[in-house]
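Listed below, chain by chain, are the residues.
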There are 2 protein chains.
Amino acid sequence: MKSVFSSHPDVEDLGVAERIQAIVGELPRQEARVAQYMLLNIDDLVFQNGASIARKAGASEVTVSRLLRRLGFRGMAGLKRELRTQRDEGSIDMSGDRELDKLDPALKHALDGELRALVSVFSQTMDPRWTRAVRTVTGAQRVFVTGFQSVRGVAEDLSRRLALVRDDVRFFSAHDGMLGEWVGDVEARSAKRKDCVIIVDVVPYAQEAPLLARMSREAGRQLVVLTDELCHWAQSHTELVFHGPSRNGLIIESTVALTSLANLLVDAVARRDPAVAERRMRRWHKITRKLNVF
Amino acid sequence: MKSVFSSHPDVEDLGVAERIQAIVGELPRQEARVAQYMLLNIDDLVFQNGASIARKAGASEVTVSRLLRRLGFRGMAGLKRELRTQRDEGSIDMSGDRELDKLDPALKHALDGELRALVSVFSQTMDPRWTRAVRTVTGAQRVFVTGFQSVRGVAEDLSRRLALVRDDVRFFSAHDGMLGEWVGDVEARSAKRKDCVIIVDVVPYAQEAPLLARMSREAGRQLVVLTDELCHWAQSHTELVFHGPSRNGLIIESTVALTSLANLLVDAVARRDPAVAERRMRRWHKITRKLNVF
DNA sequence: CTTTTCATGAAAGGATTCTTTCATTATTTG
DNA sequence: CAAATAATGAAAGAATCCTTTCATGAAAAG
């Protein structure tokens, strides 16, 4: 688990792997065997105990115990303690920003999580499905956007910004009147250019989302889902599911990654015809300017 | 390692966090507390045992044991087994580092910008003014949140999430009816506990923001502003201005940093009294669950 | 070849961790 | 308000894990 930014190798205390590496050559036969095993399965050590390592490495429990002692760890507990601090250290180093060292540890962890989440989000744009999603949204006759509870705002902003970039985008809420209009529109099924529904959703809150998803498909609409990493229902309705990790250790889950996904979607759609998009944006700026003067 | 996409999260076996998430709302008090702790420290669970979790979560060992069983794990061992298979499925990893080379240069640049923006945002929480802002929001009698145009959704979500964590939060829009109610309330000026207004704003669009800011101050309300890096007007109305950089080279400016600022604000307020926040969250989970069944 | 040193695991002990049982307390229901 | 139900932790028991001790055998030294 590396950080997004290159992590700084602490000069003084070596990591677990290095320590083993350093002495593996001068160990007695069985201990070396165990050491070797640990090196090869270093990521797995946190899930193990002395006995299991002994078994898998083909040595006795005592040997593992002795080896750990020789490596300078206070037993399995000590090794895990070490692994943990290693993970904590390795997780953040922000481009030499020493200042961040003073950050509250919880926040530091959260920041690291957010950074990873963003990387994950951007990575998803390389997936062929992303391109398909963008094409879907771009080519759709009309686009409906919805979102619930704590991410409803994300969905609303998405619809607003998407509307800057293409025609016939609207936000709709299952509880508002618009649902009627939306449902009643039956001939959409057979239209040449299909409609597209974008659902922004986070798992704990939405029972509505799966329902809407099903309805959308049944009405012959394409479906794009932006959701968090916990989502399990979306896959079965469409392949166009994209995840913005939301757990970051804070009390409230993060909407940053989802927001980024939404931003990227808008940008990608705009990019399909940059000239048009820019023209629209400019016109819009002009309008708001006029409105603002009032 | 693996792709960022989990190949196909089997519908049947949910991840650990999901399982917890799924039932946290309907758990008894202490078990919920433990569950909450596990969610917030999920990355740390592999290093822990039942006793340590119990201690840190403030419950008894037995409670942890029971919770695990209720979640469907065969004790701590079972949970770790689950965590391991989850990791094997690649749901946690992120090492897209190399992969990112294939990213469209424009997006790469944008990603870099977003990362920096987030670091900047988190850095601002170390500023004494941040603490003051948090105190202001926490201590205010009522909190009004507003935002315009393309960040209105951010503001709405902020108000919703803030409302999960403290009383008397409401979103208001200058163009809606609520403004009247808000303006007419003159005696607020002399109240012992002041009201607080949070404005979420990005520069190109809002003429309204400075106006509202002025009105707020004149009405004796505290003012907190979350804005982008281009903002020039806010400083003169309040010192509690925080910036979420929004220019990232994409066609549409980013709302990610602003979103993060909003998230952090909510978390900080919640953190002022975690017990209360947790209780509120839990109650809310329960309610939405009930609503969802409808 | 003998002695010394070292490596190793079996066995037992001790420590830790998990679970079961049960009495107390809180919550819900009638 | 009373009865029933659920939640909770203390205590004890069971299981697991780690270490200590010691006997055995192998390698190294003399």
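Cut-offs applied
Residues numbered from 1 in each chain as written. Chains lettered and ligands numbered in written order. Predicted model: local features only at pLDDT ≥ 70, side-chain atom pairs only at ≥ 80, totals over all residues. Heavy atoms only, no water. Near = heavy atom within 4 Å. Polar contact = N/O pair within 3.5 Å; in protein donor to acceptor, adjacent residues only side chain to side chain. Nonpolar A, V, L, I, M, F, W, Y, C, P; charged D, E, K, R; others polar. Core = buried A, V, L, I, M, F, W, Y, C linked by side-chain atoms within 4.5 Å. Buried < 20%, exposed > 50% of the residue type's maximum accessible area, 1.4 Å probe, protein only. Contact = heavy atoms within 4.5 Å. Helix = DSSP H or I, 4+ residues; strand = E, 2+ residues; numbered from the N terminus. Salt bridge = Lys/Arg side-chain N within 4 Å of Asp/Glu carboxyl O.

Undergrad: I keep staring at the protein's contact with DNA strand D and nothing clicks. Help me out?
TA: Around DNA strand D there are 17 residues in total, and Asn49(A), Glu61(A), Ser65(A), Gln30(B) and Thr63(B) lie nearest to it. Among all atoms of DNA strand D positioned within 4 Å of the protein, those belonging to sugar or phosphate total 66%. Gly50(A) places a main-chain nitrogen or oxygen 2.8 Å from a phosphate oxygen of DNA strand D. In the model, a phosphate oxygen of DNA strand D is placed 3.2 Å from a nitrogen or oxygen of the Arg29(B) main chain. Split by residue class, the surface near DNA strand D holds 5 nonpolar, 7 polar and 5 charged.

Undergrad: Where do I start with the nonpolar core in this structure?
TA: Nonpolar side chains in soluble globular proteins tend to end up buried together. Residues Ile198(A), Leu226(A), Ile198(B) and Leu226(B) are the most contacted members of the largest nonpolar core, which totals 103 residues. Once residues within four sequence positions are removed from consideration, Ile198(A) is found in contact with Val137(A), Val143(A), Phe144(A), Val145(A), Thr146(A), Leu158(A), Leu162(A), Val224(A), Leu226(A) and Leu265(A). Of all hydrophobic cores here, the second largest spans 53 residues; its members include Ile20(A), Ala17(B), Val46(B) and Phe47(B).

Undergrad: I would appreciate a short explanation of the side chain of Ser260(B) in the present structure.
TA: By secondary structure assignment, the location of Ser260(B) is in helix H11 (residues 256–272). Each residue touching Ser260(B), except ones within four places of it in the same chain, is listed here: Val256(A), Leu118(B), Val121(B) and Phe122(B).

Undergrad: When you look at the environment of Arg142(A) in this model, what are you seeing that I'm missing?
TA: All names here are of chain A. You can see arginine 142 is positioned in the loop between helix H7 (128–139) and strand S1 (143–147). Along the backbone, arginine 142 and valine 197 are 55 residues apart, and their C-alpha atoms lie at a distance of 8.5 Å. There is a polar contact of 2.7 Å between the side chain of arginine 142 and the side chain of aspartate 195.

Undergrad: I keep staring at the pattern of salt bridges and nothing clicks. Help me out?
TA: Two side chains of opposite charge can pair, provided their charged atoms sit close to one another. By the definition in use, this model includes 27 salt bridges over all chains. With a shortest N-O distance of 3.8 Å, Glu253(A) and Arg161(B) are connected by a salt bridge. Of the two residues, Glu253(A) is situated in the loop between strand S5 (241–243) and helix H11 (256–272) and Arg161(B) in helix H8 (residues 152–165); the pairing between them involves two chains. For Glu253(A), a relative accessible area of 14% gives the class buried.

Treat this as a map of the structure, not an account of what it does.
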